[in-house]
Amino acid sequence: MGKVMIIDITKCNGCHNCQIACKDEHCGNDWSPIAKPQPLTGQFWTRVVDRVRGQVPKVKVTYEHTICQHCDEAPCLQACPEKAIYKREDGVVIIDPELCKGSHNCVEACPYPGVIFFNEDLGISQKCTFCAHLLDSGWNETRCSEACPTGAITVGEEEELADLLARAEILNPELGTRPRVYYVGLPRLFVAGTVFDPQADEIVENASVSLTALSGESHLPEQPGASTAAVAVVAQTVTDEFGDFWIDGLQPGTYSVRIEKPGYEQVQVGPFSLEKDLNLGDLAMRQRRETAFVRAIVNIMTGNIATATGWRAREIHVDQASATLGEVLRAACLRDGKTSLFDLVAYEKGLKPDFGLFVGGELVRGEVDWNRPIVDSEQIHVCDWPIRDA
Ligand code: SF4
Ligand code: SF4
Ligand code: SF4
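Looking only at helices and strands, the chain has 7 helices and 25 strands in total. In the chain, which comprises 390 residues, the proportion classed as buried is 31%.

Dropping the structure here:
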C-alpha cells in the first residue's frame, strides 16, 4: 500500500501545465530535507513530449510523460554508495540532498531515461519528489496533479484507486522495478487507410475492414500445438463518412487487411510487417462487374450476292441476363462499325429467311421476329452483303 500516481494519456491534451507547475514549485524553492531548489534550466522532473504517430494525413499525437516511477524495487536506491536514496513508508523515493555526494551512480542505474538529473551547481542528483513536502503538510495532491485542467493525473492511496489501477499499466514491467507510477491508455500501434471507388471517383463509406494477425501477436488466442503462422482476425471496423478506417491498440507483428462491401470486389492488403504506426494510404475498391450475359455465335456470310465467299464466325456477348435476336445482331453490326444489310438465315431455328437493315446499329426494316429471345451459345447465320445487293 502507499501513494500511487496514475497518468491517463487519453485525457492529456498536451498543455504542459503539469510540467510548468513542477518548475514553479521547485525552481528557486528549497524544500529541504525533501529537495534542494531545482535549477531554472536543464531539469524537468516531469516532462511532456508530443509524439506524432503515423504518416500524413493519417496521424495521431500522443503526449508522453517522463517522470520518476518511484519504484518499489529501485535500482537507483541500491546503486547509491552513500545510502542517500530512501523509500518512505508511503512508497515515495527520495534523494536526500544532504547525504548525496554526487557520485552519479543513481543516474546510471536508473533504467528510465531522463528522470534523474545532476545539479552541477549543488553537486547532487535530483528528481521528482512526489511533492512529499506538500503531502507532509496535508496536501492530497501534488503540484502537477493539481495543475492539470483535464484530470489526467490522479494521485492517492493505492487501495482507494483500485478501480482506476485495474485499467492501468506500468512501464517496462519486465524490469521488475515495480513502479508506483501507472499509465492509462499507453499508445500501441495503429493501421489506417482510406478506401475509394476509382470508377465513381468517390470514397467508399461503410466498407467492412478486417485485420488479420499472421504471426507472433499477443492478440492470438492460446492454441496448443498451433503453428506460429496461425491466422486470427484481431480487429474489425467500417470505413467512416470520409472513407477512412483506423485500427488502434496493436502489437508489432505481421498482419493483412481485408476490405469488403456488397457490390464491390474484395480488397486484400498485405501481409505487411507492423513495426510502427502505419498509413496504408488510398486503397482502390472496384465495383463488381455483372457477370450475367448472353453469348451468341454469329456466322456471317461474306462476299456479295453474286459471289459468296464463306462464313466468318464472331462471338457476341450481350451484357445482360437475356437478349433478343435484334440486340445480338445490333451488337454484331456495331462491332463491324458499318451499315449492313443482314439476310437473316438462322436456319437452325427453322426461321424463314428475311431481310433486315441495320443503319448505324439501328434496325430500320425487317420481317423476322427481332424480339425472339436468344438462348446462350445459340448459332445465328446472317449475310453482311452491302445494301445495294439487296
Ligand atoms: S525511476 Fe529511476 S530514479 Fe525513480 S525510483 Fe525508479 S530507479 Fe529510482
Ligand atoms: S509530483 Fe511534484 S516533484 Fe514530482 S513531477 Fe509532480 S510537481 Fe514535480
Ligand atoms: S497538465 Fe494535464 S493535460 Fe496538461 S500536459 Fe500535464 S497531464 Fe497533460
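Further notes follow.
Spatial strand order, β8-β1-β9: 3 strands in an open sheet with mixed pairing. Each having just a single partner strand, β8 (153-157) and β9 (181-184) make up the two edges of the open sheet. Between one strand axis and the next, the sheet turns through 25 degrees on average, direction left out of account. As paired elements, strand β1 (residues 3-8) and β9 share 4 bridges and run parallel to each other.

So, about the site of ligand 3. Around ligand 3, the structure places 14 residues, and the nearest of them are Cys12, Cys15, Asn17, Cys18 and Cys148. Tallied by class, residues from the shell around ligand 3 come to 9 nonpolar, 5 polar and no charged.

Once that is clear, we can look at the sheet that holds strand β25 (residues 378-383). On the basis of which strands lie adjacent, the open sheet formed by 3 strands has the order β19-β18-β25 and mixed pairing. Lying at the two open borders of the sheet, with one neighbouring strand each, are β19 (308-318) and β25. Across this sheet, the average inter-strand angle for adjacent strands is 25 degrees, counted without regard to direction. When strand β18 (residues 294-303) meets β19, the two strands line up antiparallel, connected through 10 bridges. Across the sheet, residue Asn299 finds its bridge partner in β19, namely Ala313.

With that settled, consider the site of ligand 1. For ligand 1, the set of nearby residues contains 14 residues, the closest of which are Cys68, Gln69, Cys71, Cys76 and Cys110. Across the shell around ligand 1, the residue classes tally to 10 nonpolar, 3 polar and 1 charged.

Moving on, we get to the pairing of β1. Counting buried residues along β1, 5 of its 6 residues qualify, which places the element largely inside the surrounding structure. When β1 meets β8, the two strands line up antiparallel, connected through 5 bridges. The residue bridging Ile6 from the neighbouring strand is Thr154, located in β8.

Attention now goes to the environment of Cys15. Within the secondary structure, Cys15 is located in the loop between β1 and α1 (17-26). With 134 residues separating them in the primary sequence, Cys15 and Pro149 have C-alpha atoms 8.6 Å apart.

Moving on, we get to the nonpolar core. Ranked by size, the top nonpolar core spans 43 residues in total, and within it Met5, Ile7, Cys76, Ile85, Val93, Cys106 and Ile153 carry the most contacts. When residues of this core are traced back to their parent elements, those giving at least two are β1, α1, α2 (75-79), β5 (93-95), β8 and β9. Among the elements that line this core, the one with the most residues is β1, at 4 residues. Aside from chain neighbours lying at most four places away, what touches Met5 is Ile153, Val155, Arg180 and Val181. In this structure, Val234, Tyr255, Val257 and Leu283 belong to the second largest nonpolar core, which totals 20 residues.

Moving on, we get to the confidence of the model for the chain. Across the chain, the average pLDDT comes to 88, with 90% of residues at or above 70. When the criterion is pLDDT under 50, residues 217-230 qualifies, and its contacts beyond four places in sequence or with other chains add up to 17 contacts.

Attention shifts here to unusual backbone geometry. For residues that are not glycine, phi is negative in most cases, and the peptide bond is trans in most cases. Residues Ser32 and Pro33 are joined by a peptide bond in cis, for which omega reads 10 degrees. Here Pro33 shows up in the loop between α1 and β2 (46-55). A cis geometry characterises the amide bond from Val56 onward to Pro57, with omega recorded as 5 degrees. For Pro57, the position within the fold is in the loop between β2 and β3 (58-67). Its identity as a non-glycine residue notwithstanding, Asp201 has a phi of 55 degrees, on the positive side.

Along α1, 7 of the 10 residues are buried, which leaves the element largely enclosed by surrounding structure. Residues of α1 that are buried include every one of Asn17, Cys18, Gln19, Cys22, Lys23, Glu25 and His26, and no others. Among the residues trailing α1, Gly28 stands out with phi positive, at a value near 80 degrees.

About the thresholds
Going along each chain's sequence as written, the residues are numbered from 1 onward. Each chain takes a letter, starting from A, and each ligand takes a number, starting from 1, following the order in which they are written. Only residues with pLDDT of at least 70 get local features here, since the model is predicted, and only at 80 or more are side-chain atom pairs given and counted; chain-wide, interface and lining totals rely on the full set of residues. For helices the rule is a DSSP run of H or I covering at least 4 residues; for strands it is a run of E covering at least 2, with both sets numbered from the N terminus onward. With C-beta atoms placed from the backbone, the exposure class of a residue follows from how many other C-beta atoms lie within 10 Å of its own: 20 or more, buried; 12 or fewer, exposed; in between, partly exposed. Two strands pair under a simple rule: DSSP has to find at least two bridges between them. With axes taken as lines fitted to C-alpha atoms, and helix axes fitted only over the stretch in contact, angles between N-to-C directions fall between 0 and 180 degrees. For each residue, a C-beta position is placed from the backbone atoms; the residue is near a molecule or strand when that point lies within 6 Å of it. In this count, Pro and Cys sit with the nonpolar residues alongside Ala, Val, Leu, Ile, Met, Phe, Trp and Tyr, while Asp, Glu, Lys and Arg are called charged and the others, Gly among them, polar. Working definition: the nonpolar core is a set of buried Ala, Val, Leu, Ile, Met, Phe, Trp, Tyr and Cys residues, joined through C-beta atoms within 7 Å. Note on contacts: residues are paired as contacts if their backbone-placed C-beta atoms lie within 7 Å. Confidence of the predictor in every single residue is expressed as pLDDT, which spans 0 to 100.

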